[in-house]
There are 2 protein chains.
Amino acid sequence: MPPLSKTFSALSDENRRKIIDLLKKKEMPVTEIGTHLKITMATLSHHLDVLKRADLVSGRRDGQQIIYSLNLSVVQELTEKIIKFLKPKHK
Amino acid sequence: MPPLSKTFSALSDENRRKIIDLLKKKEMPVTEIGTHLKITMATLSHHLDVLKRADLVSGRRDGQQIIYSLNLSVVQELTEKIIKFLKPKHK
DNA sequence: ATATAATTTAGATATATATCTAAATATCTA
DNA sequence: TAGATATTTAGATATATATCTAAATTATAT
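No experiment lies behind these values; they were computed from the predicted model shown.

Q: Tell me about the protein's contact with DNA strand C, residues and numbers included.
A: The environment of DNA strand C is formed by 25 residues, the closest being Ala42 and Gly63 of chain A together with Pro29, Thr31 and Ala42 of chain B. Only helix 4 (41–53) of chain A together with helix 3 (30–35), helix 4 (41–53) and strand 3 (65–70) of chain B provide two or more residues apiece to the surface near DNA strand C. Class assignment of the residues belonging to the surface near DNA strand C gives a composition of nine nonpolar, 13 polar and three charged.

Shown next as C-alpha cells:
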C-alpha cells in the first residue's frame with residue numbers, strides 16, 4: 001500500500017479521476033480511455049503511470065493493446081484508510 | 001463544498017495531514033500546532049491557508065491568537081463524497 | 001505610546017508536475 | 001520482412017507549490 005501522500009496526490013488531478021471513473025465501469029485499453037479525455041496519448045500515458053505508481057490501476061498486455069483496470073482490493077483498503085483518517089477523534 | 005481536486009490536493013501533503021490529525025483531537029492556536037511540526041511559522045501559515053481554502057478548517061480570533069478547528073460537517077460531507085467516488089460501478 | 005507576542009504577507013528559490021511534440025518500442029498483419 | 005497500430009519514453013516548457021528569511025499586521029501588556 002502506497003503512502004496516503006501518493007494516493008491523494010494521484011487523486012488530485014481531474015483527468016486521473018476521470019480515468020478511475022471510466023475504469024470503475026469496465027477495464028479498457030489506453031486508446032479507449034483516450035477517447036474520453038482531451039489530452040494527448042503521451043499525457044494519458046503519464047497519468048496512467050502516476051495511477052500505477054499509486055497502485056490504483058494495473059495494466060496487462062493483450063496483443064497490441066494494454067488493458068487497464070482498477071485495483072479493486074487496493075481501492076477498498078484505501079477507502080477504509082481514508083475514512084479512518086477523516087474520522088474525527090480516531091485512534 | 002470545494003471541488004475534489006482542491007480537497008485531495010490539500011490532503012496530499014504530510015504536514016497538512018498532521019495538522020488535521022491534531023485538530024481532530026481538539027481545536028488549537030497556531031503556535032500549539034507549530035510545536036508538533038518541524039516547519040517555520042510562515043510555512044505553517046501557508047499550510048493553514050491551503051486547508052482553509054479547501055474548507056477543511058476554520059480559524060477564529062481569540063485575543064492575540066487564532067484558534068483553528070476542523071470543519072466537521074465539511075469533513076463528513078467530503079468523506080461521503082470520497083466514498084462514493086471510490087465505490088466501484090457507482091451511479 | 002512602546003515593547004512583546006502571535007500570525008500573516010512578501011519575496012525568493014528549488015522541486016514537482018501537467019502538458020506537448022517527436023522519437024522509440026512492441027505487436028500484429030499483409 | 002515491411003507497414004500499420006498501440007503505447008511509452010525523451011526532452012522541453014510553463015505553472016504550481018513547499019519552504020525559507022525578513023517584514024508587516026494585529027492584539028495585549030506595561
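What follows picks up the thread again.
Q: So what about the protein's contact with DNA strand D? Which residues, and what values?
A: The full set close to DNA strand D counts 25 residues, and Pro29, Thr31 and Ala42 of chain A together with Ala42 and Gly63 of chain B are the nearest of them. At the level of secondary structure, the elements contributing two or more residues to the surface near DNA strand D comprise helix 3 (30–35), helix 4 and strand 3 (65–70) of chain A together with helix 4 of chain B.

Q: Pulling in residues and values, what's your account of the interface of chain B and chain A?
A: Counting from both sides, the interface comprises 21 residues of chain B and, opposite them, 21 residues of chain A. Secondary structure elements with two or more residues in the side of chain B that touches chain A: helix 1 (4–11), helix 2 (14–25) and helix 5 (72–86) of chain B. Counted by class, the side of chain B that touches chain A contains 11 nonpolar, five polar and five charged residues.

Q: Talk me through the sheet that holds strand 2 (residues 57–62) of chain A; I want residue IDs and the actual numbers.
A: Residues and elements named next belong to chain A. Read across the open sheet, the three strands follow the order 1-3-2; overall the sheet is antiparallel. The open sheet is flanked by strand 1 (28–29) and strand 2, the only strands paired with a single partner. Pairing of strand 2 with strand 3 involves six bridges; the strand directions are antiparallel. Considered in strand 3, the bridge of Ser58 is made with Ser69. The strands that helix 4 touches are strand 2 and strand 3; relative to strand 2, the one it contacts most, it runs at about 120 degrees.

Q: Hey, could you go over the relation of the copies chain B and chain A for me, with residue numbers and the actual values?
A: The two copies are related by a screw operation: chain B maps onto chain A through 180 degrees of rotation and 0.0 Å of translation along the axis, at an RMSD of 0.0 Å. What the rotation and shift describe, once combined, is the action of a two-fold rotation axis. Taking the C-alpha atom as reference, chain B places Phe8 of chain B closest to the rotation axis, 2.5 Å from it. Take the interface residues of chain B: 100% of them recur as interface residues in chain A, which is what a same-surface contact looks like.

Q: Explain helix 5 (residues 72–86) of chain A to me, using residue names and the numbers behind them.
A: In this model helix 5 of chain A runs 21 Å from its N-terminal to its C-terminal C-alpha over 15 residues, within 8% of the 21 Å that 1.5 Å per residue would give. Looking at the buried residues of helix 5 of chain A, the elements they touch are helix 1 (4–11) and strand 3 of chain A together with helix 5 of chain B.

Q: Any details on the nonpolar core? Residues and values, ideally.
A: Grouped together as the largest cluster of nonpolar side chains are 29 residues, with contacts concentrated most on Leu51, Leu56 and Val57 of chain A together with Leu51, Leu56 and Val57 of chain B. Of all the elements in the fold, those that place two or more residues in this core are helix 1, helix 2 (14–25), strand 3 and helix 5 of chain A together with helix 1, helix 2, strand 3 and helix 5 of chain B. Contact partners of Leu56 of chain A, with chain neighbours within four places excluded, come to Ala10, Ile20, Leu51, Leu70, Asn71, Val74 and Val75 of chain A.

Q: Mind laying out the packing of helix 5 of chain A against helix 5 of chain B, listing which residues take part and the relevant values?
A: As a packed pair, helix 5 of chain A and helix 5 of chain B sit with axes 10 Å apart at the nearest point and diverge in direction by 180 degrees. Taken together, the axes of helix 5 of chain A and helix 5 of chain B lie roughly antiparallel to each other. Counting all contacts with helix 5 of chain A, which are made through Val75, Leu78, Thr79, Ile82, Ile83 and Leu86 of chain A, the residues of helix 5 of chain B involved are Val75, Leu78, Thr79, Ile82, Ile83 and Leu86 of chain B. A breakdown of the residues in the contact of helix 5 of chain A with helix 5 of chain B according to their chemical character gives 10 nonpolar, two polar and no charged.

Q: Which residues make up the sheet that holds strand 1 (residues 28–29) of chain B, and what values do they have?
A: Residue and element names in this part refer to chain B. What the three strands build is an open sheet, ordered 1-3-2; its pairing is antiparallel. A single partner strand is all that each edge strand has here, and the edge strands are strand 1 and strand 2 (57–62). Across two bridges, strand 1 lies against strand 3 in antiparallel orientation. By the bridge assignment for strand 3, Pro29 is matched with Ile67. Here helix 2 sits on the sheet in contact with strand 1, strand 2 and strand 3, set at roughly 90 degrees to strand 3. Of the strands in this sheet, strand 2 and strand 3 are in contact with helix 4, which crosses strand 2 at around 120 degrees.

Conventions and cut-offs
Residues numbered from 1 in each chain as written. Chains lettered and ligands numbered in written order. Predicted model: local features only at pLDDT ≥ 70, side-chain atom pairs only at ≥ 80, totals over all residues. Near = placed C-beta within 6 Å. Helix = DSSP H or I, 4+ residues; strand = E, 2+ residues; numbered from the N terminus. Nonpolar A, V, L, I, M, F, W, Y, C, P; charged D, E, K, R; others polar. Contact = placed C-beta atoms within 7 Å. Pairing = 2+ DSSP bridges. Axes fitted to C-alpha atoms, helices over the stretch in contact; angles between N-to-C directions. Least-squares fit on C-alpha atoms with pLDDT ≥ 70 in both. Expected span 1.5 Å × (residues − 1). Core = buried A, V, L, I, M, F, W, Y, C linked by C-beta atoms within 7 Å. Buried ≥ 20, exposed ≤ 12 C-beta atoms within 10 Å, placed from the backbone. Parallel < 35°, antiparallel > 145°, perpendicular 65-115°, else oblique.

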